[in-house]
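# A closer look at the structure
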Amino acid sequence: MKGLGDMMKQAQQMQENMQKMQQELANVEVEGQAGAGLVKVVMTGRHDVKQVKVDPDVLSEDVSMLEDLLAAAVNDAVRRVEEKNQASLAELTGGMSMPPGFKMPF
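Calculation criteria
Each chain carries its own residue numbering, running from 1 in the written order of its sequence. pLDDT decides what is reported in this predicted model: residues at 70 or higher carry local features, side-chain atom pairs at 80 or more are listed and counted, and totals for whole chains, interfaces and linings draw on all residues regardless. No hydrogens and no water enter the side-chain calculation; it runs on all heavy atoms of the structure. Here, the term nonpolar core denotes a set of buried Ala, Val, Leu, Ile, Met, Phe, Trp, Tyr and Cys residues that are joined through side-chain atoms within 4.5 Å. Buried, partly exposed and exposed residues are distinguished by accessible area as a fraction of the type maximum, computed with a 1.4 Å probe on protein chains only: under 20%, between the cut-offs, and over 50%, respectively. The way it works is that DSSP assigns letters per residue, a run of H or I at least four long becomes a helix, a run of E at least two long becomes a strand, and they are numbered from the N terminus. Note on contacts: a residue pair is in contact if any heavy atoms of the two residues lie within 4.5 Å. By this rule the span expected of a helix is its residue count minus one, scaled by 1.5 Å. Here, any two strands with at least 2 DSSP bridges between them count as paired.

### Let's talk about the nonpolar core
- Grouped together as the largest cluster of nonpolar side chains are seven residues: Ala-34, Val-39, Val-41, Val-58, Leu-66, Leu-69 and Ala-73.
- Mapped onto this core, the elements with two or more residues apiece are β2 (39-44) and α2 (63-92).
- Of the residues forming this core, the biggest block, three residues, is contributed by α2.
- The contacts of Ala-73, once residues within four sequence positions are left out, are Gly-32, Gln-33, Ala-34, Val-39 and Val-41.

Here it is as structure tokens:
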């Protein structure tokens, strides 16, 4: 029975560490870019967009180009958030592989 108690204690510790990591990641900010930095998007670990910067030179171009650059910058930021989340999860689990498709709960 001692082994079961130790395992339960480890599971509880891991859950506490996961909650702490989620809180920390929610406050992390990443920057996505498109068009060699002409459009930049700052996003939190919770995928909230905090800031959008557009180089004034882009404003003289076709609107559809600006829309494409904005979409690309947001997508870049989302990928960077996901990479950060996966790296933090791998660190927490000690490199233990997670099931395919496993995502952070936020």
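### As for α2
- Along its 30 residues, α2 runs 44 Å from first to last C-alpha, staying within 8% of the 44 Å computed at 1.5 Å per residue.
- Considered for burial, the residues of α2 that qualify are Leu-66, Leu-69, Ala-73, Asp-76, Ala-77, Val-81, Asn-85, Ser-88 and Leu-89.
- Of the residues trailing α2, Gly-94 is marked for its positive phi of about 65°.

### Quick notes on the pairing of strand β1 (residues 29-34)
- Going residue by residue along β1, you find Val-30, Gly-32 and Ala-34 tucked away on one face and Glu-29, Glu-31 and Gln-33 left uncovered on the opposite face.
- With six bridges joining them, β1 and β2 adopt antiparallel strand pairing. Paired with Glu-29 across the bridge in β2 is Thr-44.
- In textbook terms, the turn of a hairpin is the stretch between consecutive antiparallel strands, and for β1 and β2 this stretch comprises four residues, one of which, Gly-35, has a positive phi near 65°.

Everything listed here is a matter of geometry and, on its own, says nothing about what the molecule does.
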